[in-house]
Amino acid sequence: MAFAIETDFSSGSIEVVRARAQGPVELRLRDDSAAGIRQWFHFVVRSDGEKPRRLVIANASDATFANGWAGYRAMVQRAGRGWARAETFYDGAALTIVHQPGSAVTRYAYFAPYPFTRLERLLRRVNEQPWVDVSQIGESVRMETSSGCTGGAEVFPTWGSSI
C-alpha cells in the first residue's frame, strides 16, 4: 500500500497540498462548510511503512482561533483503537504533527469525532422512552439521514444520524 491521505468520509476535512514519497506532507485547513470558521481537521493516513512522517498544516495561523494552537496536541487513532494525543508543534505559522504509523491506517483529528454508530445506539435508546419520538427531519449533502428528537412540543435535531 502506498502512502495516501483520505478525507472522503462524513467528517473528513483537510486539503492535501503535497504528499510526496519522501519528506514532509503539506496540508491546509479547510473552511467549515456550515459554521464559517477554519479550525478543525479529520483525515486518514494510509501507510505501508513504519518510518515517521511530518504532517504540516501550513495555514494553521489563519485558523479562526490560531492562539489555541499553543500547547495543543492533535488526536490520533491507530488501527481503529482508542484515541490518544499525537506529538504536535506550533511555530506561530504552521502546525506540525509527527506521524509514526504503527499500523496501516491512522486517523488524525482536531478532536475525537463522535461516531455515528454511537449516536445511532443513543437514538435507539431514547426512542424507547414513551415521552420521546425520534423521526427523520432531513438529509445531509452526503445523503445521510438527520434525525430529530421530540420531547413534548420541541424538536431537538441530531445531525448526521439515523435510527
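Residues numbered from 1 in each chain as written. Predicted model: local features only at pLDDT ≥ 70, side-chain atom pairs only at ≥ 80, totals over all residues. Heavy atoms only, no water.

S.K.: Can you explain the sheet that holds strand 1 (residues 4–6)? Please cite residues and give values.
M.R.: Two modes of strand pairing occur in sheets, parallel and antiparallel, and in both the strands are linked by backbone hydrogen bonds. The antiparallel open sheet is built from 5 strands, whose spatial order is 1-4-10-6-7. Each edge of the open sheet is held by one strand with a lone partner, namely strand 1 and strand 7 (83–85). Ignoring strand direction, the axes of neighbouring strands in this sheet form an average angle of 30°. Alignment of strand 6 (residues 75–78) against strand 7, held across 3 bridges, turns out to be antiparallel. Note on strand 7: the bridge partner recorded for V76 is A84. (Pairing = 2+ DSSP bridges. Helix = DSSP H or I, 4+ residues; strand = E, 2+ residues; numbered from the N terminus. Axes fitted to C-alpha atoms, helices over the stretch in contact; angles between N-to-C directions.)

S.K.: I'd love a proper account of the side chain of Q39, names of residues and values included.
M.R.: Looking at where Q39 falls in the secondary structure, it is placed in the loop between strand 3 (25–28) and strand 4 (42–46). Relative accessible area serves as the criterion here: at 3%, Q39 is assigned to the buried category. A distance of 2.7 Å separates a polar side-chain atom of Q39 from the backbone nitrogen of F65. Among residues more than four places away in sequence, those in contact with Q39 are L29, A63, T64, F65, A66, W69 and Y110. (Buried < 20%, exposed > 50% of the residue type's maximum accessible area, 1.4 Å probe, protein only. Polar contact = N/O pair within 3.5 Å; in protein donor to acceptor, adjacent residues only side chain to side chain. Contact = heavy atoms within 4.5 Å.)

S.K.: Report on the pairing of strand 5 (residues 53–57), specifying residues and quantitative values.
M.R.: Most of strand 5 sits out of view: 4 of its 5 residues are buried. As defined by bridge partners, strand 5 adjoins strand 9 (residues 95–99) across 5 bridges and the pair is classed as antiparallel. Counted as the bridge partner of R54 is V98 from strand 9.

S.K.: Tell me what's going on with the packing of aromatic side chains, and back it up with residues and numbers.
M.R.: Each pair of aromatic rings is reported with the distance of its centres and the angle of its planes. Applying the stated criterion across every chain, the model contains 7 aromatic pairs. Plain terms: the ring middles of W69 and Y110 are 5.6 Å apart, the flat faces sit at 80° to each other, and that makes the pair edge-to-face. Linking W69 in the loop between strand 5 and strand 6 with Y110 in the loop between strand 10 (105–109) and helix 1 (116–127), this pair joins segments that are 41 residues apart in sequence. Classification of W69 as buried rests on a relative accessible area of 1%. Classification of Y110 as partly exposed rests on a relative accessible area of 25%. (Phe/Tyr/Trp six-rings, centres within 6.5 Å; stacked < 30°, edge-to-face > 60°.)

S.K.: Explain the sheet that holds strand 3 to me, and be specific about the residues and the numbers.
M.R.: Read from one edge to the other, the open sheet built from 5 strands follows the order 2-3-5-9-8, with strand pairing classed as mixed. This sheet does not close on itself; its edge strands, each paired only once, are strand 2 (15–18) and strand 8 (88–90). In this sheet, adjacent strand axes meet at a mean angle of 25° when their direction is disregarded. Both strand 3 and strand 5 contribute to a ladder of 3 bridges, which runs parallel. When the bridges of strand 5 are listed, V25 appears paired with L55.

S.K.: Give me the lowdown on the nonpolar core, citing residues and values where you can.
M.R.: Within the largest apolar cluster, 22 residues are counted, with the highest numbers of intra-cluster contacts made by F41, F43, L55 and W69. When contributions to this core are tallied by element, the ones reaching two or more residues are strand 3, strand 4, strand 5 and strand 9. Grouped together as the second largest cluster of nonpolar side chains are 5 residues, L119, L123, V132 and V134 included. (Core = buried A, V, L, I, M, F, W, Y, C linked by side-chain atoms within 4.5 Å.)

S.K.: An account of the pairing of strand 12 (residues 145–151) is requested, with residue identities and associated values reported.
M.R.: Within strand 12, 5 of the 7 residues are buried, which leaves the element mostly enclosed by the surrounding structure. Sheet topology places strand 11 (residues 132–139) next to strand 12; 7 bridges connect them, and they run antiparallel. What sits directly across from E139, in strand 12, is T145.

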